[in-house]
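What the coordinates show
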Amino acid sequence: AACASISRVPLVHASMAHRHLLIFALLPCWAAAAPVNEAACPDTTAVPSCTGPTSVEEYWVQLASQGHYDKSKRPACGNSTFAGPTVVEVQLYLTQVNEVDQKLGQVTVNGYMRSWWHDPRLAFRSEAEGGCLDAVRMAGADAEGIWEPDLYFDNLVSLHTHESRLLEIYPDGGVWKSEQITLTVKSPISLGKLPYDMHTARIVVASYSQDISLMRVIPRGGAVGRSSSGGGRSGVGIIAAPLSSSVWAFGAEEGHHAHRGFETPALVEIKFSWDYVTLEFHYSRMPKYYVDQVILPSLLFLTVSYIQFWVDPAAAPARAALAVIPVLIQRTLSNQVYKSLPEGSQRMWLSDYVATTIFISVLAACQFGVVQFCQLQEKRRAAKLAGLQKAGEVARKLFNVCEQDGTTLLDLLSECSAQQVSVDSDLPVAADVRVSVGEPFTEMQPNMSATSSTSMPCKIKSERAVRYGMSEADLLFIKYAQVIFERFDQDKSGQCQPSEVRRGLTYFNIFLSTASTASLMGMFLRDEGERTPFDEMKLTLTFEQFTRLLSKVENYTIHAKACHRGSVSMVAKMQGLAPSKRCDFLARALFLVAVSLMVTVFYLLRPLY
């Protein structure tokens, strides 16, 4: 207006001095009206005419001119007639999850803690009302002159407040505060479903000194809590920027990925007349690490345990290595699981899984011990057969005597056995002979003579054994065959059927199915010049025939097994295997079933952990 009035003064009629004064007066006006260099100062707009503060300093001057501002006095919610507690809204803008400490159950986050409240004493004219500002923005120490709510974190472990602090005051007296923080809170972690576990991190905010009669704390846009049940979940408690982690996936629910960002409501509870707002977000583990480093290696080393069932038990060092090494390695895997986890009594899916794989590996190692025990038994029984075959000359002599005398082998063995006599008989007795007075045996005194008047029973070699030149050691293995024959001759008929002969042959380390045994008996009897029925299962053997068969059984076993190869029943197949091989055969099948069942059951039971 001043420039316009001066410019209307005619310079033609003015004196020279007056002209110079007018030109100097118009220079600022011409400079203000000159166009702005857009390159040096882009996006300029015309400066509006306004009244009111244009800076923080001017705002404080205006606030002081309105009277004394007491920042220790909270702003009441309401009006001059009705006043209530101050309502404070809170929200966390989450920028980063720094650490999840699974051992201590702590979560460290970085972000901006925001709060909103209304203080009518701070109101000023907006631009629409002719003022110069729509918001007074303060940073750092400039924002320390007004009332602020005394908020604290109820489950706090540690708090680091950065220098980044911003406060905005709006024309209606609304206040917004934002402060950058690094926060560590105690948040229990349930590892039951590890490595497919999901967790909820909770940050509990409350007023330190103001109960619900003076201050109500709610999430941004949420509802005020009620005394009976609180306010439930409402508003927006956390706004998260896109988060990235190689271990965790963050989101509001399962399947929500970190790179999208998310928002979560907050829970309002009233405890002992105080508002507690729980800001929470969910996060789940990405299981790839544990799958690659624990679950799959456990299955691979179970495979190593399985390989031992295909290794010859006679190769004991190799078999023992395959049995023991998987147990040790899986124990190391179990220790690795607990390396970053709390060593508590909590049931965990992964620890139970690894413990089960260790248990199966230990069972596989124990199976090797059972196989070794069976092999020792088989060696003892094979030695009995070798001893019987070694005494073949004695057996043939007995067979010839039986044919000459027309007696049975059982009767002949009885006659060749040691006989009991009395010491006072005319037979000579050795000075240190062992005599039998019932049981047990007692030793005679060395000075006892053959003509002693004492009559005590003793055992001597039989006349037939002396006549044929047979020692009791020669008859030992044949008598063992007699014991086995009589054990399985259940009807005491002196004849054994194929099923009974099969069980008897096992005591000499010969393992055949019942059908193969019947075939073997048929071949043997035909070689002995006897006729056999078409149904070989009706064949029987006497003890003499059984002993003859044992003396040359190796000539028939290979052929008997070959005749029944192909599609045979499982029972017949198991009968034809030695106990050690039978254990390996069963272990090969049962081990695969056990591992498959273990994996299936564990993944089906995972939701129950």
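Residues numbered from 1 in each chain as written. Predicted model: local features only at pLDDT ≥ 70, side-chain atom pairs only at ≥ 80, totals over all residues. Heavy atoms only, no water.

**As for the environment of Ser 516**
- Examined against the element boundaries, Ser 516 turns out to sit in helix α12 (residues 514-527).
- What makes Ser 516 buried here is its relative accessible area of 4%.
- A C-alpha to C-alpha distance of 9.8 Å links Ser 516 and Glu 536, two positions 20 residues apart in sequence.
- At 3.0 Å, the side chain of Ser 516 and the side chain of Ser 513 are in polar contact. (Helix = DSSP H or I, 4+ residues; strand = E, 2+ residues; numbered from the N terminus. Buried < 20%, exposed > 50% of the residue type's maximum accessible area, 1.4 Å probe, protein only. Polar contact = N/O pair within 3.5 Å; in protein donor to acceptor, adjacent residues only side chain to side chain.)

**Considerations on the state of the cysteines**
- One pass over the structure, following the stated rule, counts one disulfide.
- Bridging Cys 50 to Cys 132, the disulfide has an S-S length of 2.0 Å. For the disulfide bridge between Cys 50 and Cys 132, the dihedral angle about the S-S bond is near 100°, and by the sign convention the bridge is right-handed. Taken as a pair, Cys 50 in the loop between α2 (16-33) and α3 (56-65) and Cys 132 in the loop between β4 (106-118) and β5 (136-139) lie far apart in primary sequence, 82 residues in all.
- By relative accessible area, which is 32% here, Cys 50 ends up partly exposed.
- The class for Cys 132 is buried, based on a relative accessible area of 14%. (Disulfide = S-S within 2.5 Å.)

**Let's talk about the packing of aromatic side chains**
- As enumerated under the stated definition, the model contains 27 aromatic pairs in all.
- Centroid distance Trp 117 to Trp 147: 6.0 Å. Interplanar angle 85°. Geometry classified as edge-to-face. With a gap of 30 residues between them, Trp 117 in strand β4 and Trp 147 in the loop between β5 and β6 (151-153) connect regions that are remote in the sequence. Accessibility assignment for this pair places Trp 117 and Trp 147 in one class, buried.
- Their ring planes at 70° and their centres at 6.4 Å tell us that Tyr 306 and Trp 310 sit as a pair that is edge-to-face.
- By relative accessible area, which is 16% here, Tyr 306 ends up buried.
- Among the aromatic residues, those joined into a ring-pair cluster are Tyr 196, Trp 349, Tyr 353, Phe 602 and Tyr 603.
- Above the plane of the ring of Tyr 196 lies Arg 606, whose end atom (NZ or CZ) is 4.3 Å from the centre. (Phe/Tyr/Trp six-rings, centres within 6.5 Å; stacked < 30°, edge-to-face > 60°. Lys NZ or Arg CZ within 6 Å of the ring centre and 35° of its normal.)

**Overview of α12**
- The terminal C-alpha atoms of α12, which comprises 14 residues, lie 20 Å apart, in line with the 20 Å expected from a rise of 1.5 Å per residue.
- By the criterion of burial, α12 is predominantly enclosed, with 11 of the 14 residues buried.
- Where α12 is concerned, the buried positions are Thr 514, Ser 516, Thr 517, Ala 518, Ser 519, Leu 520, Met 521, Gly 522, Met 523, Phe 524 and Leu 525.
- Where α12 ends, the next residue or the one after it, Gly 529, has phi of about 90°, a positive value. (Expected span 1.5 Å × (residues − 1).)

**Regarding a negative patch on the surface**
- Together, Glu 57, Glu 58, Asp 142 and Glu 144 line one region of the surface with negative charge.
- Relative to the helices and strands, Glu 58 resides in helix α3.
- Glu 58 gets classed as partly exposed once you look at its relative accessible area, which sits at 36%. (Patch = residues over 30% accessible without salt bridge, like charges linked within 9 Å, V, L, I, M, F, W, Y side chains within 5 Å. Areas by Shrake-Rupley, 256 points an atom, 1.4 Å probe, with all protein chains shown as cover. Salt bridge = Lys/Arg side-chain N within 4 Å of Asp/Glu carboxyl O. Lys, Arg positive; Asp, Glu negative; His and termini not counted. Charge placed at Lys NZ, Arg CZ, Asp CG, Glu CD.)

**With respect to a nonpolar patch on the surface**
- A cluster of nonpolar side chains, Leu 597, Val 601, Leu 605 and Leu 608, forms an exposed patch at the surface whose accessible area comes to about 370 Å².
- Here Val 601 shows up in helix α16 (residues 579-605).
- The class of Val 601 is partly exposed, set by a relative accessible area of 33%.

**A few points about helix α7 (residues 392-405)**
- Compared with the 20 Å implied by 1.5 Å per residue over 14 residues, the 20 Å span of α7 between its first and last C-alpha is a close match.
- Here α7 has its buried residues at Gly 392, Val 394, Ala 395, Leu 398, Phe 399, Val 401 and Cys 402.

**A word on the confidence of the model for the chain**
- In the predicted model, the chain carries a mean pLDDT of 83, and 82% of its residues have values of at least 70.
- A low-confidence stretch, residues 429-453 stays under pLDDT 50, and its non-local contacts, those more than four residues away or across chains, total 27 contacts. (pLDDT = per-residue confidence, 0-100. Contact = heavy atoms within 4.5 Å.)

**Comments concerning the pattern of salt bridges**
- A complete count under the given rule lists 17 salt bridges for this structure.
- A salt bridge links Asp 275 to Arg 216, with the shortest nitrogen-to-oxygen separation between them at 2.7 Å. With a gap of 59 residues between them, Asp 275 in strand β14 (residues 274-285) and Arg 216 in strand β10 (residues 215-219) connect regions that are remote in the sequence. Across the pair, exposure class does not vary: Asp 275 and Arg 216 are buried alike.
- Here Arg 319 makes a salt bridge to Asp 584, at a shortest N to O gap of 2.6 Å. Placement of Arg 319 in helix α5 (residues 316-337) and of Asp 584 in helix α16 is noted, with a sequence separation of 265 residues between them. Of the two residues, Arg 319 and Asp 584, neither departs from the other in class, the shared state being buried.

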